[in-house]
Amino acid sequence: MLTMTDNAAQVIRNLSSQVGESTDTGVRISSQSDGTDSLLLSIVEGPQSEDKVVETGGARVFLDPKAADLLDDKSLDADVDEGGGVAFTVTEQIPRQA
């Protein structure tokens, strides 16, 4: 299942709070219907019925079924630049040490 860094969780919480007061607000990652493995990220007020929900530290990410498969072993990170622009990156998950 997709994981997210503390940075990503903080950015998602900040973005979600700007959209509305709903506790269901989060980021949705969905697959494009153009036949590629490209993904679309949007801020939404809640998950769709088929979405998988990933929650970390109060930050919610909703994944459509194809995005969930593509991101199953990935980690979501985020950076905010000096101008306030947000960039999300997807990396391989680091295996946990026993």
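Being a predicted model, the structure only gives us computed values, none of them experimental.

Draft legend 1. Representation of helix 1 (residues 6-19) within the structure. Over its 14 residues, helix 1 extends 20 Å from the first C-alpha to the last, a length consistent with the 20 Å expected when each residue adds 1.5 Å. Along helix 1, the positions that sit buried rather than exposed are Ala-8, Ala-9, Val-11, Ile-12, Leu-15 and Ser-16. Seen end-on, helix 1 carries its buried residues on one side only, within an arc spanning 165°. Exposed residues on helix 1 whose side chains face more than 90 degrees from its buried face are Asp-6 and Gln-18.

Draft legend 2. Local environment of the side chain of Asp-51. Mapped onto the elements of the fold, Asp-51 is located in the loop between strand 3 (39-44) and strand 4 (52-56). In this structure Asp-51 comes out as buried when scored by relative accessible area, which is 10%. There is a polar contact of 2.7 Å between the side chain of Asp-51 and the side chain of Arg-28. At 2.9 Å, the side chain of Asp-51 and the backbone nitrogen of Gln-48 are in polar contact. Apart from the residues lying within four places of it in its own chain, the contact partners of Asp-51 are Arg-28, Phe-62, Leu-63 and Asp-64.

Draft legend 3. Summary view of the sheet that holds strand 7 (residues 86-92). Pairing in this open sheet of 3 strands is mixed, and the strands run 1-6-7 from one edge to the other. The open sheet is flanked by strand 1 (3-4) and strand 7, the only strands paired with a single partner. Bridge analysis of strand 1 against strand 6 (residues 74-80) gives 2 bridges, and the strand direction is parallel. Bridge pairing in strand 6 links Met-4 to Leu-76. Contacts from helix 1 reach strand 1, strand 6 and strand 7 within the one sheet, and its direction differs from that of strand 6 by about 60°.

Draft legend 4. The pairing of strand 2 (residues 26-31), seen in detail. In terms of residue burial, strand 2 counts as a mostly covered element, since 5 of its 6 residues are buried. Strand direction decides the pairing type here: strand 2 and strand 3, joined by 6 bridges, are antiparallel. If you follow Ser-31 over to strand 3, its bridge partner there is Leu-39. Pairing of strand 2 with strand 5 (residues 59-63), which is carried by 3 bridges, proceeds in the parallel orientation.

Scoring rules and cut-offs
- Residues numbered from 1 in each chain as written.
- Predicted model: local features only at pLDDT ≥ 70, side-chain atom pairs only at ≥ 80, totals over all residues.
- Heavy atoms only, no water.
- Helix = DSSP H or I, 4+ residues; strand = E, 2+ residues; numbered from the N terminus.
- Expected span 1.5 Å × (residues − 1).
- Buried < 20%, exposed > 50% of the residue type's maximum accessible area, 1.4 Å probe, protein only.
- Arc of directions from axis to C-beta.
- Polar contact = N/O pair within 3.5 Å; in protein donor to acceptor, adjacent residues only side chain to side chain.
- Contact = heavy atoms within 4.5 Å.
- Pairing = 2+ DSSP bridges.
- Axes fitted to C-alpha atoms, helices over the stretch in contact; angles between N-to-C directions.

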